[in-house]
Amino acid sequence: MIVDTTSGKLEGAVLPDGVVRLAGIPFAAPPVGERRFRCPEPHPGWTGVRPAQAFGTVARQVPSPLDAMLGTGPEPQDEDCLYLNVWTPACDDARRPVMVWVHGGAFISGSGSLPVYHGDRLARRGDVVVVTFNYRLGEFGFLQLDQDDERFAGSGNNGLADQLAALRWVRENIAAFGGDPANVTIFGESAGAMSVSVLLSLPEAAGLFHRAIAQSGAAEAVLTLDQARETADRYRHRLELATTADLVAAPADRLLAVQAHFAAEALGNLDDAVGSDRPAGLMFAPVVDGGLVPAKPLERIAAGSAADVALLLGTTADEWNLFTLLDPNIPTDEVLLGLASRLVPGTDPTVLLAAYRARHPGCNGKDLKSELFTDQVFRMPAIRLADAQRAHRPDDTRMYLFSWASAAMGGRLGACHAIELPFVFGTLDVPGMAMLLGPGDPPTALSEAVMDAWVAFARTGDPNHTGLPKWPAYDGTTRQTMELGRELRVLGDPAGAIRRLWLG
């Protein structure tokens, strides 16, 4: 299978199920050497036919403690990492809807080639073209280095600029893969959904996509310029490197060792980080730099920056349970009251905790803390984003709650962060998923319902299909939300009493 692109010819492979896959496609020049910490540049192209059967190297990163749970074995890493992958039913002129996936990983880990994200089943079932890609992570993608060298202005958003470069590649090339560049949906989870939400606000993203799906991530995970510069200063101090030129020349392993140190430090200070003025304790995130990100994304979305984009978004029911596994502490009532007062200032923390206990009878202190952090980091930002966008797209903004609970680890995971990923891609049986989903037959019917909803949304902007009850738009009164779980049903303002305490 030979496909022509703007950079040269590619040879892909036809998978056993008939789907065509082209992997390891460079969409920008390698960001190495003098290009380190610089905005992505166009790929120079190649002569002849470039093999596209193997995935490209992924962004340099430190191991995540959640890797094994998500089936993420070690992948070859390099700073030369700007590659994407395409799954398509056929490289013809059918002009299929295009679904472009932005992977998560707290902006410091992950890749577009993880088995859970393989797009062959989604492409085959939905007759769509699926694209996944890598972007620079950690200090390579989000370290703000404009303090002493204006050539590196905007470096705190290089990972975001990589995402834009991938979307421009899609616009210019996807027709050759059977896709429609005028019908592109971006979708992502966690940091990927945070990225999707930021992209909704960017002037430079206008016209590159037409619909968006944000899974467990919203528009508030950004750093101020001062916060980003403070992180860069900490890096320099730890490395004992005075200038940006020194950082450009430093070995990648030396930089990653510092990232590992700060990541461990952040993990040990989650209680202090959540509820602070930094987003969810993230080390790195897109930066409101007045350039690529001109202002707070939520404010721009509320002002209509994505008024022409349909939006589907939501969270899982028990997001923070995944991270609770990494936290050995059981909070006392005093600690919980302190957390509640910091997380929702102006609300009586006793009343707030009582509302959680009424909703979850018999819950212990660890459960309450997980519920608080789920709402702080994921659910309330999602509601604020939905409220901002529905003002401009009242008929095309929809909310979901993914409630299918894992039986793994004695049921402690519940409907945790990332639980919906194998359902979205139909990858319930890939290696590692049993650790996330638990014993028993994988719930394929739910996966099919979710896949069909995502595909229907990508095709028309409406996720309704015959396998779901009627999914209404999200409004500010009834706040109807589709529950995707052991039951498929519409909920009216789920946990509304708690929502009102948080948001009024």
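Residues numbered from 1 in each chain as written. Predicted model: local features only at pLDDT ≥ 70, side-chain atom pairs only at ≥ 80, totals over all residues. Heavy atoms only, no water.

## A short note on the environment of L241
Piece 1. Structurally, L241 can be placed in the loop between α5 (225–239) and α6 (244–249).
Piece 2. Using a relative accessible area of 11% as the deciding quantity, one classes L241 as buried.
Piece 3. Along the chain, L241 and P442 lie 201 residues apart, while their C-alpha atoms are 51 Å from each other.
Piece 4. In this structure, L241 is in contact with R236, D246, L247, A250 and R254, ignoring residues within four places of it in sequence. (Helix = DSSP H or I, 4+ residues; strand = E, 2+ residues; numbered from the N terminus. Buried < 20%, exposed > 50% of the residue type's maximum accessible area, 1.4 Å probe, protein only. Contact = heavy atoms within 4.5 Å.)

## Quick notes on the sheet that holds strand β3 (residues 13–14)
Piece 1. Within the open sheet, the 11 strands sit side by side as β3-β4-β6-β8-β7-β9-β10-β13-β14-β15-β16. Their pairing is mixed. Across the chains shown, the open sheet's two edge strands, defined by having one partner strand only, are β3 and β16 (488–492).
Piece 2. Bridge analysis of strand β6 (residues 83–88) against strand β8 (residues 129–133) gives four bridges, and the strand direction is antiparallel. Bridge assignment links L84 to a residue of β8, and that residue is F133.
Piece 3. Against the sheet, helix α3 (residues 158–173) contacts β4 (20–26), β6, β7 (96–102), β8 and β9 (179–189), and its axis sits at roughly 165 degrees relative to β7.
Piece 4. Across the face of the sheet, helix α13 (residues 365–390) comes into contact with β13 (310–316) and β14 (397–402) while running at roughly 165 degrees to β13. (Pairing = 2+ DSSP bridges. Axes fitted to C-alpha atoms, helices over the stretch in contact; angles between N-to-C directions.)

## Description of the packing of aromatic side chains
Piece 1. Taken as a whole and assessed by the stated rule, the structure comprises 19 aromatic pairs.
Piece 2. The interplanar angle of 55 degrees and the centroid separation of 5.3 Å between the aromatic rings of W404 and F423 together place this pair among those described as tilted. In this pair, W404 sits in the loop between β14 and α14 (421–425) while F423 sits in helix α14, placing the two residues 19 residues apart along the sequence.
Piece 3. Under the relative-accessibility criterion, F423 is labelled buried at 0%.
Piece 4. Between R38 and the ring centre of F152, over which it is positioned, the NZ or CZ distance is 5.4 Å. (Phe/Tyr/Trp six-rings, centres within 6.5 Å; stacked < 30°, edge-to-face > 60°. Lys NZ or Arg CZ within 6 Å of the ring centre and 35° of its normal.)

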